[in-house]
Amino acid sequence: MNPSFQPLAERIRPHTLEEIAGQEHLLSKGKPLRNLIEGGVLSSFIMWGPPGTGKTTIAKMLAGKFNAEFHQINAVSSGVKDIREIIEKAKDNLTRNVKTILFIDEIHRFSKSQQDALLGAVENGTVVLIGATTENPSFEVNPALRSRTRIFKLNELSLDDVKKVILHAMANDEVLRESGVSPDKTDFEYIYTLSGGDARIALNIVESAVLISSGKSEIVIDRDVIEKVVQERAVIYDKAGEEHYNLISAMIKSIRGSDPDAAIYWLARMLTGGEDPLFIARRLIILASEDVGNASPNGLVLAEAAFSAIEKIGMPEGRIILGQVVTYLASQPKSNASYRAINTAMSEVEKMKDYGVPLHLRNAPTGYMKAIGYGTNYKYPHDYPGHFLQENYLPKELEGKQYYFPTDLGQEKALRDRLSVIWKGRKKY
């Protein structure tokens, strides 16, 4: 391919550690990734950090350093079949003493079956796995796979880092050199602001600015030119930073407060900023139990269905499903009674001694267990009118203890009314 046909970010991709901007905590002399690259022993690892911080560059540099066969796949568009084909090639490579690096972009989006397909090959060294993710691997990557890799956290690039990338491009890219673009006529700060610290976006802005200025006696990349390139300022959304948590918090609190309009606004902010829709769907599942609960049990069913549907169809169509679930949950009556019940019970269990299970509640699968009283005097509720009798199902020391206090909202009111009748005189619902 003619190099000029490649994007600028690809044409000037660093080939040495010194050319990589930022990440000194990993790449400086004596630091972990530097030691890995220079140490001669290649092992699997995952890089976690914002977009455009050098994850792909580092992976390709390692492949060149170790003369390894390099395979790059994306977790969204690749399946188990692709993984197995690469593993078979890697096995063949081993017979020729050639290492195989499998670089997986967006590894946090790999399904459990995809991650499981990798485990054996990573564990026995058939492939060296290098994963890239913008999400915390502690939450998003299968623990079994995570335990077989090291994790390196990449930092967001600073203004100086992005400036270094652009200056390197201006000095080394043939197309930029011939254009006559000058650092003195370039607004580095505005490029950095619009790129959000993503080196790839910053280079795209520079390349596009040069293209629209082609033929002019002087190329100036000032605010006006940059805005013509960008046309519409992108939402700057750091998925690894504070705003990530601020926006999801705002959406959840809006749903909890039964304001579907505010909730849909915060959802739109996250989706426009590039948030992982499955992250949002997971939080909605939790919210459906924590804040809606038994006041509208279908909320949990709908939230779980949304997660499954988004896994299948992805974006942009997934926004429709998320919009439905967010507005539904925000519009439902709310109850945190079951959430409070489990929290209270667990808090007390941690402080109490472990009381024994009453004999009548114990399982008695053998004759000996029956002989020593297991299951004795257990009363089968279905043998009684209304399929109920007032029985003690707690340890004797906690008899009469109550954790669940249903509200009078939504469908939970029906639960409260029933429990009030059947447990009258024993519990207060």
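Whatever comes next refers back to the structure up there.
Residues numbered from 1 in each chain as written. Predicted model: local features only at pLDDT ≥ 70, side-chain atom pairs only at ≥ 80, totals over all residues. Heavy atoms only, no water.

## What to know about the packing of aromatic side chains
Line of reasoning, step 1. Inspection of the entire model under this criterion finds four aromatic pairs.
Line of reasoning, step 2. Where Phe 45 meets Phe 152, the ring centres are 5.3 Å apart and the plane angle is 65 degrees; that geometry is what we call edge-to-face. On the criterion of sequence distance, the pair formed by Phe 45 in strand 1 (residues 45-48) and Phe 152 in strand 5 (residues 150-153) is long-range, its members being 107 residues apart.
Line of reasoning, step 3. Ring geometry for Phe 388 and Trp 423: centres 5.1 Å apart, planes at 80 degrees, overall edge-to-face. One end of the pair, Phe 388, is in the loop between helix 20 (367-371) and helix 21 (412-422); the other, Trp 423, is in the segment after helix 21, with 35 residues separating them in the sequence.
Line of reasoning, step 4. Residue Trp 423 is classed as buried on the basis of its relative accessible area of 9%.
Line of reasoning, step 5. Lying over the aromatic face of Trp 48, Lys 153 brings its terminal NZ or CZ to 5.0 Å of the ring centre. (Phe/Tyr/Trp six-rings, centres within 6.5 Å; stacked < 30°, edge-to-face > 60°. Helix = DSSP H or I, 4+ residues; strand = E, 2+ residues; numbered from the N terminus. Buried < 20%, exposed > 50% of the residue type's maximum accessible area, 1.4 Å probe, protein only. Lys NZ or Arg CZ within 6 Å of the ring centre and 35° of its normal.)

## Looking at the pattern of salt bridges
Line of reasoning, step 1. Counting across every chain of the model gives 14 salt bridges.
Line of reasoning, step 2. Glu 290 serves as the salt-bridge partner of Arg 256, at 4.0 Å between the closest nitrogen and oxygen. Taken as a pair, Arg 256 in helix 14 (residues 242-256) and Glu 290 in helix 16 (residues 277-292) lie far apart in primary sequence, 34 residues in all.
Line of reasoning, step 3. Among the charged side chains, a salt-bridge network with shared partners connects Glu 10, Arg 13 and Lys 60. (Salt bridge = Lys/Arg side-chain N within 4 Å of Asp/Glu carboxyl O.)

## Topic: the pairing of strand 4 (residues 128-133)
Line of reasoning, step 1. Counted residue by residue, strand 4 has six buried out of six residues, so it is predominantly covered.
Line of reasoning, step 2. Of the two faces of strand 4, the one holding Val 128, Ile 130 and Ala 132 and the one holding Leu 129, Gly 131 and Thr 133 are both buried throughout.
Line of reasoning, step 3. Direction of pairing for strand 1 relative to strand 4: parallel, over a ladder of four bridges. By the bridge assignment, Phe 45 is partnered in strand 4 with Ile 130.
Line of reasoning, step 4. Note that strand 3 (residues 100-105) and strand 4 share five bridges and pair parallel. Looking at strand 4, one finds that Phe 103 is bridged to Ile 130.
Line of reasoning, step 5. Note on the crossover from strand 3 through helix 6 (residues 112-123) to strand 4: the handedness is right-handed. (Pairing = 2+ DSSP bridges. Right-handed = clockwise from strand over helix to strand, strands pointing away.)

## Remarks on the sheet that holds strand 5
Line of reasoning, step 1. What the five strands build is an open sheet, ordered 2-3-4-1-5; its pairing is parallel. One side of each edge strand has no neighbouring strand; the edge strands of this open sheet are strand 2 (69-74) and strand 5. Put simply, the sheet's adjacent strands are angled 20 degrees from each other on average, direction ignored.
Line of reasoning, step 2. Looking at chain direction, strand 2 and strand 3 are connected through six bridges and run parallel. Considered in strand 3, the bridge of Phe 70 is made with Ile 101.
Line of reasoning, step 3. Sitting on the sheet, helix 3 (residues 32-39) is in contact with strand 1 and strand 5, with an inclination near 125 degrees to strand 5. (Axes fitted to C-alpha atoms, helices over the stretch in contact; angles between N-to-C directions. Contact = heavy atoms within 4.5 Å.)

## Observations regarding the nonpolar core
Line of reasoning, step 1. Counting 28 residues, the largest nonpolar core has Met 251, Ile 255, Ile 280, Leu 284, Leu 322 and Leu 329 as its most contacted members.
Line of reasoning, step 2. Taken together, the elements giving at least two residues each to this core come down to helix 14, helix 15 (260-272), helix 16, helix 17 (298-313) and helix 18 (318-331).
Line of reasoning, step 3. In contact with Ile 255, not counting residues within four places along its chain, are Ala 263, Leu 284, Leu 287, Val 326, Leu 329, Ala 330 and Lys 334.
Line of reasoning, step 4. If you look at the next biggest cluster of nonpolar residues, it comprises 27 residues, including Ala 169, Met 170, Leu 194 and Ala 199. (Core = buried A, V, L, I, M, F, W, Y, C linked by side-chain atoms within 4.5 Å.)

## Considering the packing of helix 9 (residues 159-172) against helix 12 (residues 199-212)
Line of reasoning, step 1. Contact pair helix 9 / helix 12: the axes reach a minimum separation of 10 Å and the direction vectors enclose 45 degrees. On the basis of the axis angle, helix 9 is oblique to helix 12. The two elements helix 9 and helix 12 cross, and the hand of that crossing is right-handed. Between helix 9, through Val 162, Val 165, Ile 166 and Ala 169, and helix 12, the contact on the second element is made entirely by Ala 199, Ala 202, Leu 203 and Val 206.
Line of reasoning, step 2. The residue inventory of the contact of helix 9 with helix 12, partitioned by class, reads eight nonpolar, no polar and no charged. (Parallel < 35°, antiparallel > 145°, perpendicular 65-115°, else oblique. Left-handed = near helix turned anticlockwise from the far one by under 90°. Nonpolar A, V, L, I, M, F, W, Y, C, P; charged D, E, K, R; others polar.)

Honestly, it's all geometry; don't read function into it.
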